[in-house]
Amino acid sequence: MSTHRSVKITLCNGKGGAGKTTLAVLLATAFQKAGHRVGLIDRDPQGTATRWIEQTGELELATPDSNHRLTVIDTPPRLDSELLHQSLAESDCAILVSSPSPADLWTSQDTVKTITAHLPKERAARILFNQVQKRTVLAQNLASLTERIGIPALQSRIGRRQAFQHAPLLGWSALDAASREELLSAALEIAALAQ
Ligand SMILES: Nc1ncnc2c1ncn2[C@@H]1O[C@H](COP(=O)(O)OP(=O)(O)O)[C@@H](O)[C@H]1O
Ligand SMILES: [Mg+2]
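Residues numbered from 1 in each chain as written. Chains lettered and ligands numbered in written order. Predicted model: local features only at pLDDT ≥ 70, side-chain atom pairs only at ≥ 80, totals over all residues. Heavy atoms only, no water.

Help me understand the sheet that holds strand β5 (residues 93–98), please; the structure alone is not making it clear to me.
Neighbouring strands of a sheet are bound in pairs by backbone hydrogen bonds; such pairs are parallel or else antiparallel. The strand order across the open sheet formed by six strands is β3-β2-β4-β1-β5-β6, and the pairing between neighbours is parallel. Where the open sheet ends on each side, the last strands, each with one partner, are β3 (60–61) and β6 (124–129). As paired elements, strand β1 (residues 7–12) and strand β4 (residues 70–74) share five bridges and run parallel to each other. Bridging from a neighbouring strand, I9 pairs with V72 of β4. Together, β1, β4 and β5 form the strand contacts of helix α3 (residues 82–89), whose direction differs from that of β1 by roughly 140 degrees. Contacts from helix α8 (residues 177–194) reach β1, β5 and β6, with the element oriented near 145 degrees to β5. (Pairing = 2+ DSSP bridges. Helix = DSSP H or I, 4+ residues; strand = E, 2+ residues; numbered from the N terminus. Contact = heavy atoms within 4.5 Å. Axes fitted to C-alpha atoms, helices over the stretch in contact; angles between N-to-C directions.)

See below:
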């Protein structure tokens, strides 16, 4: 990795509600907790990540001349978005955020096509399962469901908990230990892939 260039990670899914914004902000915060200088780029015109950061004061928005070691990019829920294509083209790693439901995963296949079309070939793409409920049939069958999607899943998964819904107001302090641990573990896995 060049010391002058920020490692960029794009979170995407063609659908809204998958948890892109939530995980963009919280994974960026987790990278920061792990000691990295992190910036966030909010490419969703709805501006939710920007408002979240203004509210909690916990992260920095990246500017063209900021020299963060890691940059996390939140993207709009539209596969035809130029902003999404640009984000993928400049990223070292793409993270497809998806719920574990088969229907959501199947629609995620269109997102995989967009990733394949725009992320440079040698860069890593992974699924990050969000809103997973442990000890459910779905959680236990994720491996076989993932096989057909075309990109592998991260080992780390993020559970469904109310704490994640409080985080835009209260920041990292809203999170319980289990949520923090999952985020830190996903952040470490992604950081290892991206450089
Ligand atoms: N792991 C989770 N547990 C509980 N609620 C979640 C989780 N991840 C996201 N949410 C909630 O789901 C909704 C959609 O999340 P959001 O990050 O805005 O999705 P997207 O950016 O993909 O549209 C929000 O209300 C958010 O608080
Ligand atoms: Mg969003």
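Having seen the structure, we can now continue with the description.
Quick question: what am I supposed to make of the pairing of β6 here?
Side-chain direction in a regular strand flips from residue to residue, so the side chains alternate between the two faces of the sheet. Across the six residues that make up β6, a large majority, five, are buried. Sheet topology note: the β5/β6 ladder contains six bridges and is parallel. Within the sheet, the bridge partner assigned to A94 lies in β6 and is A125. As a crossover connection, the stretch from β5 through helix α4 (residues 102–118) into β6 is right-handed. (Buried < 20%, exposed > 50% of the residue type's maximum accessible area, 1.4 Å probe, protein only. Right-handed = clockwise from strand over helix to strand, strands pointing away.)

What is the right way to read the nonpolar core from this model?
One recurring pattern in soluble globular proteins: nonpolar side chains tend to sit buried together. Counting 37 residues, the largest nonpolar core has I9, L11, L27, F31, I95 and L183 as the members making the most contacts within it. For this core, the leading source of residues is helix α1 (residues 20–33), giving eight residues. Not counting residues up to four positions away in its chain, the partners in contact with L27 are L11, L128, L183, A186, A187 and I190. A94, I115, F129 and I149 belong to the second largest nonpolar core, which has 18 residues in total. (Core = buried A, V, L, I, M, F, W, Y, C linked by side-chain atoms within 4.5 Å.)

Sorry, what's going on with unusual backbone geometry here?
In most cases, non-glycine residues show a negative phi, while peptide bonds are predominantly trans. Positive phi is not limited to glycine here, since Q131 has a value of about 60 degrees. Within the secondary structure layout, Q131 lies in the loop between β6 and α5 (137–140). One non-glycine residue with positive phi stands out, namely R135, at about 60 degrees. Along the chain, R135 turns up in the loop between β6 and α5. Here R135 falls in the exposed class, since its relative accessible area comes to 75%.

Looking at this structure, I do not really get the site of ligand 1. What am I missing?
Lining the immediate surroundings of ligand 1 are 14 residues, of which G17, K20, T22, N130 and G159 lie closest. Interatomic distance of 2.8 Å between a backbone N/O atom of G159 and a nitrogen atom of ligand 1. Interatomic distance of 3.2 Å between a side-chain N/O atom of Q165 and a nitrogen atom of ligand 1. Here ligand 1, which alone exposes 560 Å², has 79% of that area covered by the protein. For ligand 1, the cavity whose grid points lie within 2 Å of the majority of its atoms is the largest pocket. Listed by contribution, the elements that provide at least two residues to the shell around ligand 1 are α1 and α7 (163–170). Within the shell around ligand 1, the residues separate by chemical class into two nonpolar, nine polar and three charged. (Near = heavy atom within 4 Å. Polar contact = N/O pair within 3.5 Å; in protein donor to acceptor, adjacent residues only side chain to side chain. Areas by Shrake-Rupley, 256 points an atom, 1.4 Å probe, with all protein chains shown as cover. 1 Å grid on protein atoms, 1.4 Å probe; cavity = no way out; pocket = protein on both sides within 12 Å on 5 of 7 lines; lining within 4 Å. Sits in = over half its atoms within 2 Å of the grid points. Nonpolar A, V, L, I, M, F, W, Y, C, P; charged D, E, K, R; others polar.)

Explain the layout of surface pockets to me, please; I cannot follow it from the model alone.
Leftover empty space is mapped by rolling, across the atoms, a probe with the size of a water molecule. As a volume, the largest pocket reaches approximately 390 Å³. Considering the residues around the largest pocket, the lining is formed by 20 residues, among which G17, G19, K20, T21 and T22 are closest to the centre. For the lining of the largest pocket, the elements supplying multiple residues, two or more each, are α1, α2 (48–56) and α7. (Points joined across faces, edges and corners; volume = space filled by probe spheres on them.)

Could you clarify how one ought to interpret the pairing of β5 in this entry?
The buried fraction of β5 amounts to six of the six residues, a majority that puts the element mostly inside the structure. Burial along β5 is two-sided: the face carrying C93, I95 and V97 and the face carrying A94, L96 and S98 are both buried. The pairing of β1 with β5 spans four bridges and is classified as parallel. In the strand pairing of β5, L11 is matched with I95.

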